[in-house]
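A look at the structure
The chain contents come next:
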Amino acid sequence: MSDSPSRLLPVNVISGFLGSGKTTLLKAVLESESYGDTAVLINEYGEVGFDNLLLGKISEDVVLLKSGCVCCTIRGELSEALLDLLYQREEGLIPPFKRVIIETTGLASPGPIASTITADSTLRYHIRPGATVTVVDAINAQQSQQDHFVWAEQVAAADKLVMSKAEMATHTQIEEVTYQVQAINPTAVLLGSDAQAQPSSELFEDGPHIKCWKPEQVQGWLGPKHRKYTMTENEHLHGVQSFRLRFQGAVDWTCFGIWLSMLLNRHGRNILRVKGVLHVHGDPRPVVLHGVQHTIHPPEHIDDWPKDQNDSNLIFITRGLDGAAITSSLNEFMSAISEHPLPRILHE
Ligand SMILES: Nc1nc2c(ncn2[C@@H]2O[C@H](COP(=O)(O)OP(=O)(O)OP(=O)(O)O)[C@@H](O)[C@H]2O)c(=O)[nH]1
């Protein structure tokens with residue numbers, strides 16, 4: 001294959017802080033006719049990949065990267081996964097594809113993905129960095145910028161920015177978030193929720209950063225207020241941990257919902273993300289639950305349990321709160337108020 005830029009396959013990135021709406025965007029992209037020939041890599045932080053369950057019926061060939069962060073701890077695995085996709089395509093083992101989309105973890109800085117591609121002596125003759133689309137959560141942008149430096153890196157590295165959850169935000173919040181992201185990245189096009197619900201064929205068109213991205217440049221884009229850009233391995237993961245709650249037995253939904261609302265109300269700043277599937281009393285279908293900082297999104301049903309199992313699994317990504325404390329709080333609360341037999345709750 002020639003290495004002229006137009007012949008190289010673009011590797012596009014969907015970035016955005018935890019719970020901002022990356023998978024929601026990816027799902028819409030994969031449903032759109034413009035993106036039928038796309039290979040997908042998903043990188044999740046935490047032990048259990050979950051996004052592929054939600055995407056399962058749309059794209060059964062999704063490749064899950066190992067738990068860890070694609071911008072630092074598993075860069076080698078990213079190269080291998082890309083090489084493997086190219087090999088399978090060449091051998092006709094998977095349908096031909098014209099682009100790759102990587103959904104990063106909400107804690108990853110997207111920039112190093114481009115360096116991973118261009119530094120690899122094989123990859124760089126077949127693929128090239130494509131556009132980065134960063135999803136910005138209108139409700140949580142301010143808190144996330146204040147608490148997590150990587151939020152600004154994600155915004156700075158974007159060719160396009162998509163503002164999610166605008167319909168949940170006030171007019172003032174939207175204006176503030178617009179100002180906030182344009183101050184960091186004035187050249188990126190800022191798109192609204194429409195772009196997330198119905199992504200256009202231009203969404204991943206090459207943008208201003210593609211030909212010139214270098215990690216040090218992020219410092220320039222972020223301006224003097226921000227600390228010097230010195231990404232060390234795992235630095236941005238400092239203090240962040242993930243664990244999984246597993247329930248043996250059905251859950252009392254009302255009781256669980258009250259507990260979770262109280263928990264996020266009190267500790268939402270340090271509960272960066274909760275997501276998972278619950279088996280609730282009296283409902284044969286799995287209930288999908290999403291919590292993002294102080295917000296609990298409306299639960300959704302999916303049709304089937306994966307692989308004939310119906311265990312509830314919830315992944316927590318927290319800062320300074322451990323699994324034992326949260327499990328014990330849930331056990332105590334459920335024992336005190338639930339009228340149903342209690343499930344056995346384990347954290348792993
Ligand atoms: N109301 C509303 N909800 C949204 C929007 N975008 C995403 N959500 C909800 O936000 C929650 C998290 O969305 P995801 O797409 O899973 O977010 P994510 O960025 O992939 O999450 P992580 O991979 O865990 O970082 C889900 O309940 C979505 O339905 C939006 O524009 N409006």
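You'll find the structure just up there.
Right, let's walk through the structure included here. Positions within a chain are numbered from 1, following the residues in the order the chain's sequence is written. Under the rules for a predicted model, residues below a pLDDT of 70 receive no local features and side-chain atom pairs below 80 are neither given nor counted, while totals for whole chains, interfaces and linings still include all residues. Each side-chain value is worked out from all heavy atoms of the structure, with water and hydrogens disregarded.

**Brief notes about the overall build of the chain**
The helix and strand labels rest on DSSP assignments: H or I over at least four residues marks a helix, E over at least two residues marks a strand, and numbering proceeds from the N terminus. When you go through the chain residue by residue, the secondary structure sums to eleven helices and 14 strands. In this scheme, a residue with accessible area under 20% of its type's maximum is buried, one over 50% is exposed, and one in between is partly exposed, where area comes from a 1.4 Å probe on protein chains only. Here the chain, with 348 residues, has 54% of them falling under the buried criterion. Throughout, a contact is declared for two residues whenever any of their heavy atoms are within 4.5 Å. Taking the contacts inside the chain whose residues are at least 6 apart along the sequence as the reference set, 77% of them involve residues at least 24 apart. On the chain, roughly 15,800 Å² of surface is accessible, and the fraction owed to carbon and sulfur atoms is 50%. Computed by Shrake-Rupley with a 1.4 Å probe, the accessible areas treat only the displayed protein chains as cover when residues are assessed.

**Side note on the site of the ligand**
Nearness is judged by heavy atoms alone; a residue qualifies as near a molecule or strand once a single heavy atom is within 4 Å of it. In the neighbourhood of the ligand, 20 residues make up the surrounding shell, with Lys-22, Thr-23, Thr-24, Glu-167 and Arg-273 lying closest. Separating an oxygen atom of the ligand from a backbone N or O atom of Gly-21 is a distance of 2.9 Å. Residues adjacent in sequence count toward polar contacts only when both atoms are side-chain atoms; beyond that, a polar contact is any pair of N or O atoms within 3.5 Å, and within protein one must be able to donate a hydrogen and the other to accept it. Residue Glu-103 places a side-chain N or O atom 3.3 Å away from an oxygen atom belonging to the ligand. Sorting the residues of the shell around the ligand by element identifies helix H1 (22-31) and strand E9 (271-278) as the ones contributing at least two each. With three residues, the top contributor of residues to the shell around the ligand is H1. Among the residues making up the shell around the ligand, the classes are represented as three nonpolar, nine polar and eight charged. Each domain span listed reflects an automatic or database assignment of domains. Domain assignment of the residues forming the shell around the ligand places at least three in each of domain 1 (5-222) and domain 2 (239-347). Throughout this entry, Asp, Glu, Lys and Arg are counted as charged residues, while Ala, Val, Leu, Ile, Met, Phe, Trp, Tyr, Cys and Pro are counted as nonpolar. The remaining residues, Gly among them, count as polar.

**Looking at the packing of aromatic side chains**
Two rings belonging to Phe, Tyr or Trp (six-membered ring only in the last case) form a pair when the distance between their centres is within 6.5 Å. Interplanar angles under 30 degrees mark stacking, angles over 60 mark edge-to-face geometry, and anything in between is tilted. Here the structure, examined in full by the defined rule, presents four aromatic pairs. The interplanar angle of 85 degrees and the centroid separation of 5.6 Å between the aromatic rings of Tyr-35 and Phe-204 together place this pair among those described as edge-to-face. Linking Tyr-35 in the loop between H1 and strand E2 (38-43) with Phe-204 in the loop between helix H8 (193-197) and helix H9 (217-222), this pair joins segments that are 169 residues apart in sequence. For the pair Tyr-35 and Phe-204, a shared accessibility class is recorded, and that class is buried. Look at Phe-243 and Phe-316: their rings are 5.3 Å apart centre to centre, the planes differ by 10 degrees, and that puts the pair in the stacked class. Of this pair, Phe-243 sits in strand E8 (residues 240-248) while Phe-316 is found in strand E13 (residues 312-319), placing the two residues 73 residues apart along the sequence. For Phe-243, a relative accessible area of 6% translates into the label buried. Relative accessible area serves as the criterion here: at 0%, Phe-316 is assigned to the buried category.

**Some thoughts on empty space enclosed by the protein**
Think of a 1 Å grid over the protein atoms and nothing else: a 1.4 Å probe that fits but is trapped marks a cavity, an open set flanked by protein within 12 Å on at least five of seven lines marks a pocket, and residues with an atom within 4 Å of a point count as lining. Grid points are joined across faces, edges and corners, and a volume is the space filled by probe spheres set on the points. Taken as a whole and judged by the stated rule, the model has three cavities of 30 Å³ or more. Empty space within the second largest cavity amounts to approximately 40 Å³. Looking at the second largest cavity, the residues that line it are Phe-17, Leu-18, Ser-20, Asp-137, Asn-140, Ala-141, Ser-144, Trp-151 and Gln-293. The residue makeup of the lining of the second largest cavity, split by class, is four nonpolar, four polar and one charged.

**Describing the packing of helix H10 (residues 253-267) against helix H11 (residues 323-337)**
A fitted line through C-alpha atoms represents every axis, and for helices the fit uses only the stretch in contact; the resulting angles, taken between N-to-C directions, go from 0 to 180 degrees. Viewed as axis vectors pointing N to C, H10 and H11 meet at an angle of 135 degrees, and their least axial separation amounts to 10 Å. Judged by the angle between their axes, H10 and H11 are oblique. The crossing of H10 and H11 is right-handed. Residues Cys-255, Phe-256, Ile-258, Trp-259, Met-262 and Leu-263 of H10 touch H11, and the partners they reach there are Ile-326, Ser-329, Leu-330, Phe-333, Met-334 and Ile-337. For classification, angles of less than 35 degrees are called roughly parallel, those exceeding 145 degrees roughly antiparallel, those between 65 and 115 degrees roughly perpendicular, and all remaining angles oblique. Helix crossings get a hand from a simple test, with the near helix turned counterclockwise from the far one by less than a right angle marking a left-handed crossing and a clockwise turn marking a right-handed one.

**Quick notes on the pattern of salt bridges**
We count a salt bridge whenever a side-chain nitrogen from Lys or Arg sits within 4 Å of a carboxyl oxygen from Asp or Glu. Tallied over the full model, the rule gives six salt bridges. As a salt-bridge pair, Asp-137 and Lys-165 come within 3.0 Å of each other at their nearest N and O atoms. Of the two residues, Asp-137 sits in strand E5 (residues 127-137) while Lys-165 sits in the loop between strand E6 (160-164) and helix H7 (171-184), which places them 28 residues apart along the sequence. A residue is classified by how much of its surface remains accessible, and Lys-165, at 10% relative accessible area, is buried. With a closest N to O distance of 3.5 Å, Asp-147 and Arg-319 form a salt bridge. Linking Asp-147 in helix H5 (residues 141-147) with Arg-319 in strand E13, this pair joins segments that are 172 residues apart in sequence. With relative accessibility at 24%, the residue Arg-319 sits in the partly exposed group.

**Focus: a nonpolar patch on the surface**
Exposure above 30% relative accessible area and the lack of any salt bridge qualify a residue for a patch; like charges then connect within 9 Å, and the nonpolar side chains Val, Leu, Ile, Met, Phe, Trp and Tyr within 5 Å. On the surface, Ile-258, Met-262 and Ile-337 cluster together into a nonpolar patch covering about 270 Å² of accessible area. Here Ile-258 shows up in helix H10.

**Here we look at the side chain of Glu-103**
Locating Glu-103 in the fold gives a position in strand E4 (residues 99-103). Neither His nor the chain ends is counted toward charge; the positive residues are Lys and Arg and the negative residues Asp and Glu. The buried charged residue Glu-103 lacks any salt bridge, with Lys-22 as its nearest oppositely charged partner at 4.8 Å. Engagement of the side chain of Glu-103 in a polar contact is seen with the side chain of Thr-23, the distance being 2.8 Å.

**A word on unusual backbone geometry**
Residues other than glycine seldom take positive phi values, yet Lys-165 does so here, at roughly 60 degrees. Although it is not a glycine, Gln-293 sits at a positive phi angle of roughly 50 degrees. Note on placement: Gln-293 falls in the loop between strand E10 (287-292) and strand E11 (295-296).

**What about the environment of Ile-101?**
On the secondary structure map, Ile-101 appears in strand E4. We classify Ile-101 as buried; its relative accessible area is 0%. Through-space distance from the C-alpha of Ile-101 to that of Ala-39 is 6.3 Å; in sequence the pair is 62 residues apart. Beyond its immediate stretch of four places on either side in the chain, Ile-101 contacts Asn-12, Ile-14, Leu-26, Val-29, Thr-38, Ala-39, Val-40, Leu-41 and Phe-204.

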